[in-house]
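If you want the building blocks of each chain, they are given just below.
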Amino acid sequence: MDYEHYFSKRIADLKAEGRYRVFADLERICGRFPVALNHRDGKTVEVVVWCSNDYLGMGQRPEVIAATHEALDRCGAGAGGTRNISGTNHYHVLLEEEMADFNAKESALLFTSGYVANQTVLSTLGATIPGCIIFSDELNHNSMIEGIRHGRSPKQIFRHNDAQDLERLLAAAPKDAPKLVAFESVYSMDGDIAPIAEICDVAEKYGAMTYLDEVHAVGMYGEQGSGVAERDGLRDRITIIQGTMAKAIGVVGGYIAASNACVDYARSFGPGFIFSSSMPPATAAACLASVQYLRKHPELRVKHQERAATCKRRLSERGIPVLPSVSHIIPVMVGNASLCKQASDLLLSDYNIYVQPINYPTVPVGTERLRITPTPLHDDSMMDHLIESFCAVWDRLGIAKAQEQKAAE
Ligand code: PMP
């Protein structure tokens, strides 16, 4: 086989389909979030980032940076091994204690990313609990899908956020089989939120464990910010809460929080935990400082929701087709991969606004979109500029406005 030719051909296909990914080359500027430098075409330009998953700007908070510096100076750059072989640093222990308490669970376990947490825990449960059937929401994130696949246990896919459909599948499964229901709280592409109470009702009725991915909710929902399960008073009904440190916490890493026995099981049997080196101590210290800050600052969450609601309202008033999401995520529908990419390119080149296009396979063909994530640090003048720029780009490219999209349906 001509391997080089094969690789090039597959990439050429992606380009022809308008699905080839191009990364914006950004340089974050400490203290100026959401402004960043964008290196392109041999130039360096200041842009306002409107698609960051550092949802609350915590990655640049002085408290987080100071904690990182201190731990870096004390412990150096790396952890020195896997958790089992010299890589458990005191900061990991402190952070796990904090995450357990934060999630109102007995224990917590760190992973190098949220992806690894999902992949490892779901595959481990599927592979090691004899006969376990996993029930998975059809829009679950790739990390959950890969984990479930890798575990090779029987799986059932239920319709998105549909507790009745879940019940139909649970009722049809063997009564005595172990079961696990895996779902997310905030779905990151449509910005909708799961009916957690209804899903728990059904799961409990059929004796199933529940696994909730709070990746797009941690830091942002609930009085102390641990997620939607906290907001809705449902944490004790979730068997395993999973999350990331890489979005609203502003750093990197993943975790689960659950009972002592359940966490010990993942720690003892999960290959992605056991065989991978642990996060640097300074990273754990940064996460710890960020979580401690977030727990004490609910006003950040209030401001965040206000910014998102205002942005959604103002775009809608101007006819920009916003999906009516109930969360902080604002999907603006374009419905065509090439137009979506052109809109994103034009926003960057002519208006210094960075919003990444979201195309297939992340979202279905025909639902391509620009996904805006306002933060508490986007001020009114930034928002004015965003709204005017979107209107200008919509006109210049002739993208359908909300009413035209409705009429075409
Ligand atoms: N779950 C969901 C729902 C996600 O959107 C993501 C990341 N995009 C992950 C898990 C993985 O988290 P991380 O980025 O920490 O690997």
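So, how was this worked out
Residues numbered from 1 in each chain as written. Predicted model: local features only at pLDDT ≥ 70, side-chain atom pairs only at ≥ 80, totals over all residues. Heavy atoms only, no water. Buried < 20%, exposed > 50% of the residue type's maximum accessible area, 1.4 Å probe, protein only. Helix = DSSP H or I, 4+ residues; strand = E, 2+ residues; numbered from the N terminus. Pairing = 2+ DSSP bridges. UniProt positions renumbered as here; feature names shortened; annotations may be inferred. Near = heavy atom within 4 Å. Polar contact = N/O pair within 3.5 Å; in protein donor to acceptor, adjacent residues only side chain to side chain. Areas by Shrake-Rupley, 256 points an atom, 1.4 Å probe, with all protein chains shown as cover. Nonpolar A, V, L, I, M, F, W, Y, C, P; charged D, E, K, R; others polar.

Peer 1: Would you take a moment to explain the pairing of strand β11 (residues 330-333) for this structure?
Peer 2: Residues in a regular strand project their side chains so that they alternate between the two faces of the sheet. Here β11 shows a buried face lined by I330 and V332 and a second buried face lined by P331 and M333. Sheet topology note: the β11/strand β14 (residues 369-372) ladder contains four bridges and is antiparallel. For P331, the partnering residue across the bridge sits in β14 and is R371.

Peer 1: Explain the UniProt feature "domain: Aminotransferase class I/classII large" (unreviewed entry) in the protein chain to me, please; I cannot follow it from the model alone.
Peer 2: Annotation from UniProt places "domain: Aminotransferase class I/classII large" (unreviewed entry) at residues 46-389. As annotated, residues 46-389 has a helix share of 44% and a strand share of 15%, and its two end C-alpha atoms lie 16 Å apart.

Peer 1: Which parts of the structure should I look at to understand the site of the ligand?
Peer 2: Lining the immediate surroundings of the ligand are S113, G114, Y115, N118, H141, S143, E184, D213, V215, H216, T244 and K247. Between the ligand and Y115 there is a distance of 2.9 Å, counted from an oxygen atom to a backbone nitrogen or oxygen. Within the side chain of K247, an N or O atom sits 3.1 Å from a nitrogen atom of the ligand. Protein chains shield 84% of the accessible area of the ligand, which is 400 Å² for the free molecule. Broken down by element, the shell around the ligand gets its largest block of residues, three residues, from helix α4 (residues 114-128). A class-by-class count of the residues in the shell around the ligand yields two nonpolar, seven polar and three charged.

Peer 1: So what exactly am I meant to see when it comes to unusual backbone geometry here?
Peer 2: Peptide bonds are mostly trans, and most non-glycine residues show a negative phi. Backbone torsion omega between F33 and P34 reads 10 degrees, so that peptide bond is classified as cis. For P34, the location among the structural elements is in the loop between β1 (26-28) and β2 (35-40). Here the bond from Y360 into P361 is cis, since omega is 10 degrees, no more than 30 degrees from zero. Residue placement: P361 occurs in the loop between β13 (357-358) and β14. Within the chain, N161 stands out as a residue other than glycine whose phi angle is a positive 55 degrees.

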